[in-house]
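Survey of secondary and tertiary structure
Each chain, written out:
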Amino acid sequence: MKKVVFAIIILSAIMMISCDESDDGDTGNTGNTGDTGDTGDTGDTSDTGDTGDTGDTGNSGDMVSVPAGAFQMGCNTEVETQCPSPENPYHTVTLSAYKIDKYEVTAGDYQKCVSDGACNNGNVNEPHYQVYSQTYSMCTLEATGKENHPMNCVSWFGAKAYCEWMGKQLPTEAQWEKAARGTDGRNYPWGNDPSPNCD
């Protein structure tokens, strides 16, 4: 029994050392007002990408800077009528500054990662993508004429592999939500109306 407890203590210490030494910088305070088991660490202080050429891995694409600061994360019941439980409670999250891609990854861009071998379906438990077929007719990868369409039918594992192949990292849920909806609690990037006004 003592050996098991000692092994658990050693493994815990190694895990804490690894977390401290990693450069993911999770230091943002969520300011969570509800009891959701949130530890408050969702920020990211690392630079999430290089705006220059990343070498043989393809074009890194345009990136935009998202400034440090707080935003409202989760379901805003003042403007949303359906709030699934994973999006509750509505709470304040503070993030450090970061960069995020300005445009979606295209099927053609993702194909370069597939061709290079970094994006693959080699692990049946963590498949990266699905290609266009009669069964998957909505998928853009390998669909004729869809090379410049946004990549879809990709798993979290495939998105992570692509970002790492590009020398970047997949944004956290909080980073994605802040970049997509802004800081004022709106329902959509353009406001609260589900239909955008393009005038």
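Residues numbered from 1 in each chain as written. Predicted model: local features only at pLDDT ≥ 70, side-chain atom pairs only at ≥ 80, totals over all residues. Heavy atoms only, no water.

Description of the state of the cysteines
Here is the rule: Cysteine sulfur atoms that pair up within 2.5 Å are treated as a disulfide. Numbering of helices and strands starts at the N terminus; helices are DSSP runs of H or I of at least 4 residues and strands are runs of E of at least 2. Working definition: with a 1.4 Å probe on protein chains only, accessible area under 20% of the residue-type maximum means buried, over 50% means exposed, and in between means partly exposed.
Enumeration according to the criterion identifies 3 disulfides in this entry. Put simply, Cys139 and Cys153 are joined by a disulfide, and their sulfur atoms are 2.1 Å apart. Handedness of the Cys139-Cys153 disulfide follows from its S-S torsion of about -90 degrees: it is left-handed. Of this pair, Cys139 sits in the loop between helix H2 (107-116) and helix H3 (156-165) while Cys153 sits in the loop between H2 and H3, and the two are 14 residues apart along the sequence. The buried category is assigned to Cys139, whose relative accessible area is 2%.

What about the confidence of the model for the chain?
Cut-off, in case you're wondering: Known as pLDDT, the predictor's per-residue confidence is scaled from 0 to 100. Between two residues, a contact is recorded if the distance between any of their heavy atoms is within 4.5 Å.
In this model, the chain carries a mean pLDDT of 75, and residues with pLDDT of at least 70 account for 70%. Every residue in residues 1-60 scores below 50 in pLDDT, and together they form 85 contacts with partners more than four places removed in sequence or on other chains.

Some details on the pattern of salt bridges
For the record, the criterion: When a carboxyl oxygen of Asp or Glu is within 4 Å of a side-chain nitrogen of Lys or Arg, the pair counts as a salt bridge.
Counting across every chain of the model gives 6 salt bridges. Among the salt bridges present, the one from Arg181 reaches Glu177, with a minimum N-O distance of 2.6 Å. Here Glu177 and Arg181 lie together in helix H4 (residues 173-181), a separation of 4 residues that amounts to about one turn. Overall, Arg181 belongs to the buried group, its relative accessible area being 7%. According to the relative accessible area criterion, Glu177 is buried, its value standing at 17%. Through salt bridges with shared partners, a single network forms among Glu80, Glu177 and Arg181.

Considering the packing of aromatic side chains
Quick note on the threshold: Side-chain rings of Phe, Tyr and Trp (the six-membered ring for Trp) are treated as a pair once their centres are within 6.5 Å; stacked means planes under 30 degrees apart, edge-to-face means over 60, and tilted covers the remaining angles.
Enumeration according to the criterion identifies 5 aromatic pairs in this entry. Here the aromatic rings of Tyr110 and Tyr162 are separated by 5.7 Å at their centres, their planes lie at 25 degrees, and the arrangement is stacked. With Tyr110 in helix H2 and Tyr162 in helix H3, this residue pair connects regions lying 52 residues apart in the sequence. Assigned by exposure class, Tyr110 and Tyr162 land together as buried. Residues Tyr162 and Trp165 carry aromatic rings whose centres are separated by 5.7 Å and whose planes lie at 45 degrees to one another, so their mutual orientation is tilted.

Details of the packing of H2 against H3
The relative placement of two packed helices is expressed as an angle between their axes plus a distance between the axes. Spelled out, the test is: Axes here refer to lines fitted to C-alpha atoms; in helices the fit is confined to the stretch in contact. Angles between the N-to-C directions go from 0 to 180 degrees. To sort the angles, those under 35 degrees are grouped as roughly parallel, those over 145 as roughly antiparallel, those from 65 to 115 as roughly perpendicular, and the leftovers as oblique. Any residue outside Ala, Val, Leu, Ile, Met, Phe, Trp, Tyr, Cys, Pro, Asp, Glu, Lys and Arg is labelled polar, Gly included; the first ten of those are nonpolar and the last four are charged.
Between H2 and H3, whose axes approach to 10 Å, the crossing angle comes to 85 degrees. Judged on the interaxial angle alone, H3 and H2 are roughly perpendicular. Judged by residue contacts, Asp109, Tyr110, Lys112, Cys113 and Asp116 of H2 engage Gly158, Tyr162 and Trp165 from H3. Here the contact of H2 with H3 is built from residues that sort into 4 nonpolar, 1 polar and 3 charged.

So, the environment of Lys99
Relative to the helices and strands, Lys99 resides in strand S4 (residues 98-101). As for Lys99 and Lys168, which are separated by 69 residues in sequence, their C-alpha atoms are 9.7 Å apart.

Regarding the environment of Met166
With respect to the helices, strands and loops of the structure, Met166 is situated in the loop between H3 and H4. Expressed as a C-alpha distance, the spacing of Met166 and Ala118, which sit 48 residues apart in the sequence, is 9.9 Å.

As for the nonpolar core
Rules: Buried Ala, Val, Leu, Ile, Met, Phe, Trp, Tyr and Cys residues form a nonpolar core when they are joined through side-chain atoms within 4.5 Å.
Formed by Ala107, Tyr110, Cys113, Val114, Cys119, Tyr129, Leu141, Met151, Ala161, Tyr162, Trp165 and Met166, the largest nonpolar core amounts to 12 residues. Those elements that place two or more of their residues in this core are H2 and H3. Core analysis: the second largest hydrophobic core is formed by 8 residues, Val66, Met73, Val93 and Ile100 among them.

A few points about the side chain of Glu80
Positionally, Glu80 belongs in the loop between strand S2 (69-73) and strand S3 (91-95). Dropping the residues within four chain positions of it, Glu80 is found in contact with Gly74, Cys75, Glu87, Arg181 and Asn187.

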